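Okay, here's what each chain looks like letter by letter:
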Amino acid sequence: FGSRCFGQSCSVLGRRTLRRQISVFHTLSARMAPSRISALAKHVRAPQQEVDIEDLAKRAWPDASAASSCSGSSGSCGSCGEGGGGGLEVVPVAAAVPKPRPEDVKLPEIRTAEDYLASLRNRDVSVIVLGETVKNFVDHPLVWPSVNCVAETYRLGSDDPELGTAIGFSGYRVSRFLHIAESAQDLVKQGLMQRELGRRTGSCFQRCVGMDASNAVWGTTYDIDQKHGTKYHERFRNFIAMCQSKNLVLGGAMTDAKGDRSVSAGKQEDPDMFVHVHSQKPDGTVVLRGCKMHQTGTLNSHWMIIMPGQKLDPSEKAFAITCAVPVDARGLTYIYGRQSCDLRAMEGSEIDQGNAKFGGQETIVIFEDVEVKPEHIFMNGETEFSQSLVERFTAYHRRSYICKAGLGDVMLGAAATVAEYNGVAKASHIKDKIIEIAYLNENIGGTALAANYAGKAMPAGNFLPDVLLANICKHNVTKFPYEIARLTQDLAGGIVVTLPADKDFKHEVAGPMLERFLKSKKGVSVDHRRRILRLIENMTMGRNAVGYLTESLHGAGSPMAQRVLIARLMNLEHKKTLAKKLAGIVE
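Residues numbered from 1 in each chain as written. Predicted model: local features only at pLDDT ≥ 70, side-chain atom pairs only at ≥ 80, totals over all residues. Heavy atoms only, no water.

(A) How the structure looks around the overall build of the protein chain. The helix and strand tally for the protein chain stands at 22 helices and 14 strands. Expressed as a percentage of its 587 residues, the buried residues of the protein chain come to 55%. By element, 53% of the accessible surface of the protein chain is carried by carbon and sulfur atoms, the whole surface being about 24500 Å². (Helix = DSSP H or I, 4+ residues; strand = E, 2+ residues; numbered from the N terminus. Buried < 20%, exposed > 50% of the residue type's maximum accessible area, 1.4 Å probe, protein only. Areas by Shrake-Rupley, 256 points an atom, 1.4 Å probe, with all protein chains shown as cover.)

Below, the structure is given as structure tokens:
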């Protein structure tokens, strides 16, 4: 984060920041009486239709039983924000642990991008890339862009500490990705940070899953403790405090291999299709087996939070496990996922990569007798809370797709630039397509921010975004980036898929020919033109199309998963009553 926020003298924070923090401290010290939690939304049963959307969503959404109401006996529904404790009073995190004075803010171990990169080296991690075991994955040309993408989150903390960092409940100034949301404004700042990082990287910066998992587990552990008298919340609070003291990167692991999608976790022919507790030792240590799929940035993390990926019934207690596992734990194997055009990173040409600095990362993570100590276990067999954990996580994670608005800002800039280079920027139909890109992109950003602004406190004191609006945001993301990509390719022209290789431009015969015939508007160099074309290729069909397109479709739940929640939360009967009242209908 640099000297701007880590100096010992409070003067380096700036007068405005100092005044704000002192004001916040005094406000929190007043300890206003906590109010009762208000529901985010009421569950309603989906209307009867010829097509059963609940049935269609079975593979994408864990609760395909069309549950239509909350029940304290079954834990927290997640969608309404009410915990299993029923009438529990909300004590915000900030009220429970007042912020330190600015001069007393503590400094974590990892403060800069350089510190982060050093922390990844010399770890004993089993990684397989392109059929080879890799010891030093950090500097592997296929992996480095994703590592650098996470490092950019620390650079943002240095450049803009107000946006990229926060003072955690532990008293440390940490990356905002490690901060437990204490207010709706915290949720908003998370979103603004995510969009900015999308702009800076044009890629997936891989930290949203850990941030959203942390906030979901924070609330769920509290609810479990209220019902069962367990100590999960205290354990999790201690774990997060440790992570804040070091300013670590947390990954989140929810998606299982699933096997036969027509049967649940406990009925699989091979139980390892879902991560589960294989055995438990006398001291409470559990031994995990299974597989987590599509794990974004887990390899670039220090710890990962393991969570169940669907609703479980009482017979499936072994699968109801939430815990923290160090990335270099014994028994873990990471198999690196392929990405379109990924080998260009190994060809030596920076320009042909389109975006050589930044990229995303997905791995398959295999668990072979991975041991987890009791202090890192936050759910163990409480199946009735698996649904609420999944629903809370997806509420956080679906509004986190505001990051795609950041990538969309880059796409908008690329579309306008390529139109300018082609000499057609002033044509009315070209302007209209660029306006359409902006319109679609701001719909993504706007619904995400609306979900954050409408966030409400949960019984544990942290804030949950509005569930309906979060799902609206994610549903927009399953569609709009594809149209933005189509429009941008339309403006780029066919050359975006026929452009010769960088080596051809350096060839003694082909080079001069290409320089001559690929000229466009006067004053625009061929080098600049092909660079913007390669960026468009990278984001719409290359390495970063993984994060901008397919991840937008399936990440945090495929489209039908959002439609299930929208059907439940749109409160259709109330809307019908409004219409009938205005129409003068009395029934």
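(B) Representation of the pattern of salt bridges within the structure. Going through the model one piece at a time under the given rule, you end up with 33 salt bridges. Among the ionic pairs, Asp186 bridges to Arg176, the shortest N-O distance being 3.7 Å. Taken together, the residues span a long stretch of sequence, with Asp186 in helix H8 (residues 184-201) and Arg176 in the loop between strand E4 (173-175) and H8 at a distance of 10 residues. This pair shows no difference in class: Asp186 is buried, exactly as Arg176 is. Counted as one network, the salt bridges with shared partners bring together Arg195, Glu196, Arg199, Asp409 and Glu442. (Salt bridge = Lys/Arg side-chain N within 4 Å of Asp/Glu carboxyl O.)

(C) View of helix H10 (residues 232-246). For H10, spanning 15 residues, the distance from its first C-alpha to its last is 21 Å, which sits close to the expected 21 Å at 1.5 Å a residue. For H10, every residue scored as buried is listed here: Tyr232, His233, Phe236, Phe239, Ile240, Cys243, Gln244 and Ser245. Summarising the contacts, the buried residues of H10 are in contact with E4, helix H9 (208-228), strand E5 (250-253), strand E8 (303-306), strand E9 (321-326) and strand E12 (377-380). (Expected span 1.5 Å × (residues − 1). Contact = heavy atoms within 4.5 Å.)

(D) Layout of empty space enclosed by the protein. Counting across every chain of the model gives four cavities of 30 Å³ or more. Here the largest cavity defines a volume of roughly 110 Å³. Taken together, 18 residues line the largest cavity, and the ones lying closest to its centre are Cys341, Gln353, Asn355, Asn538 and Arg543. No other element matches helix H19 (residues 526-540), which puts three residues into the lining of the largest cavity. In this model, the second largest cavity occupies a volume close to 60 Å³. For the lining of the second largest cavity, the residue count by class is nine nonpolar, two polar and two charged. (1 Å grid on protein atoms, 1.4 Å probe; cavity = no way out; pocket = protein on both sides within 12 Å on 5 of 7 lines; lining within 4 Å. Points joined across faces, edges and corners; volume = space filled by probe spheres on them. Nonpolar A, V, L, I, M, F, W, Y, C, P; charged D, E, K, R; others polar.)

(E) The nonpolar core, seen in detail. The biggest cluster of nonpolar side chains holds 90 residues, and the ones touching the most others in it are Tyr116, Phe239, Leu288, Met304, Val325, Leu332 and Phe367. No other element matches H9, which puts seven residues into this core. Residues Ile495, Leu514, Leu549 and Ala556 belong to the second largest nonpolar core, which totals 41 residues. (Core = buried A, V, L, I, M, F, W, Y, C linked by side-chain atoms within 4.5 Å.)

(F) Here's a closer look at the packing of H9 against helix H11 (residues 386-399). H11 packs onto H9 with a crossing angle of 145 degrees between their chain directions and a minimal axis gap of 9 Å. In this structure, the crossing between H9 and H11 has a hand that is right-handed. Across from Cys208, Val209, Met211, Asp212, Ala213, Asn215, Ala216, Val217, Gly219, Thr220 and Asp223 in H9, the residues of H11 making contact are Ser388, Leu389, Arg392, Phe393, Tyr396, His397 and Arg399. Here the contact of H9 with H11 is built from residues that sort into nine nonpolar, five polar and four charged. (Axes fitted to C-alpha atoms, helices over the stretch in contact; angles between N-to-C directions. Left-handed = near helix turned anticlockwise from the far one by under 90°.)

(G) Up close: the environment of Arg338. Checked against the element boundaries, Arg338 lands in the loop between strand E10 (332-336) and strand E11 (362-372). Reaching out from Arg338, the side chain makes a polar contact with the side chain of Asp342 at a distance of 2.7 Å. (Polar contact = N/O pair within 3.5 Å; in protein donor to acceptor, adjacent residues only side chain to side chain.)

(H) Representation of the sheet that holds strand E6 (residues 276-280) within the structure. A sheet is described by the order of its strands in space; here six strands give the open sequence E2-E1-E10-E11-E7-E6, paired in mixed fashion. With partners counted over all chains shown, the strands left at the sheet margins are strand E2 (132-134) and E6, one partner each. Adjacent strand axes in the sheet meet at a mean angle of 20 degrees, parallel and antiparallel pairs treated alike. When strand E7 (residues 286-296) meets E11, the two strands line up antiparallel, connected through nine bridges. Opposite Thr296, over in E11, you have Glu362 as the bridge partner. (Pairing = 2+ DSSP bridges.)

(I) Focus on the packing of helix H5 (residues 113-120) against helix H6 (residues 144-159). Taken N-terminus to C-terminus, the directions of H5 and H6 make an angle of 140 degrees; their axes are 8 Å apart at the nearest point. The orientation of H5 with respect to H6, classified from their angle, is oblique. Helix-helix and strand crossings are classified by hand; for H5 and H6 the assignment is right-handed. Contacts between H5 and H6 involve Ala113, Tyr116, Leu117 and Leu120 on the former and, on the latter, Trp144, Val147, Val150, Ala151, Tyr154 and Arg155. Partitioned by chemical class, the residues of the contact of H5 with H6 number nine nonpolar, no polar and one charged. (Parallel < 35°, antiparallel > 145°, perpendicular 65-115°, else oblique.)

(J) Quick look at the environment of Gly309. Relative to the helices and strands, Gly309 resides in the loop between E8 and E9. With a relative accessible area of 24%, Gly309 lands in the partly exposed category. Spatially, the C-alpha atoms of Gly309 and Thr255 are 5.5 Å apart, while their sequence positions differ by 54 residues.

(K) Quick look at the sheet that holds E9. Ordered by their spatial adjacency, four strands build an open sheet running E5-E8-E9-E12, and the pairing between neighbours is mixed. At either end of the open sheet lies a strand with only one pairing partner, and these are E5 and E12. Within the sheet, the average angular offset between the axes of one strand and its neighbour, ignoring direction, is 25 degrees. Packed on one face of the sheet, H10 meets E5, E8, E9 and E12 and runs near 145 degrees to E12.

(L) Here's a closer look at the state of the cysteines. Overall, the coordinates contain zero disulfides when judged by the stated rule. No disulfide involves Cys208; its nearest neighbouring cysteine sulfur is the one of Cys403, lying 5.2 Å away. A relative accessible area of 8% places Cys208 in the buried class. (Disulfide = S-S within 2.5 Å.)

(M) The arrangement of a nonpolar patch on the surface in detail. A cluster of nonpolar side chains, Leu130, Leu343 and Met346, forms an exposed patch at the surface whose accessible area comes to about 250 Å². By the secondary structure assignment, Leu130 is in the loop between strand E1 (126-129) and E2. (Patch = residues over 30% accessible without salt bridge, like charges linked within 9 Å, V, L, I, M, F, W, Y side chains within 5 Å.)

(N) Quick look at the pairing of E6. Sheet topology note: the E6/E7 ladder contains four bridges and is antiparallel. The residue bridging Gln280 from the neighbouring strand is Val286, located in E7. Where E6 folds back on E7, the antiparallel hairpin that results is connected by five residues, among which Gly284 adopts a positive phi of roughly 95 degrees.

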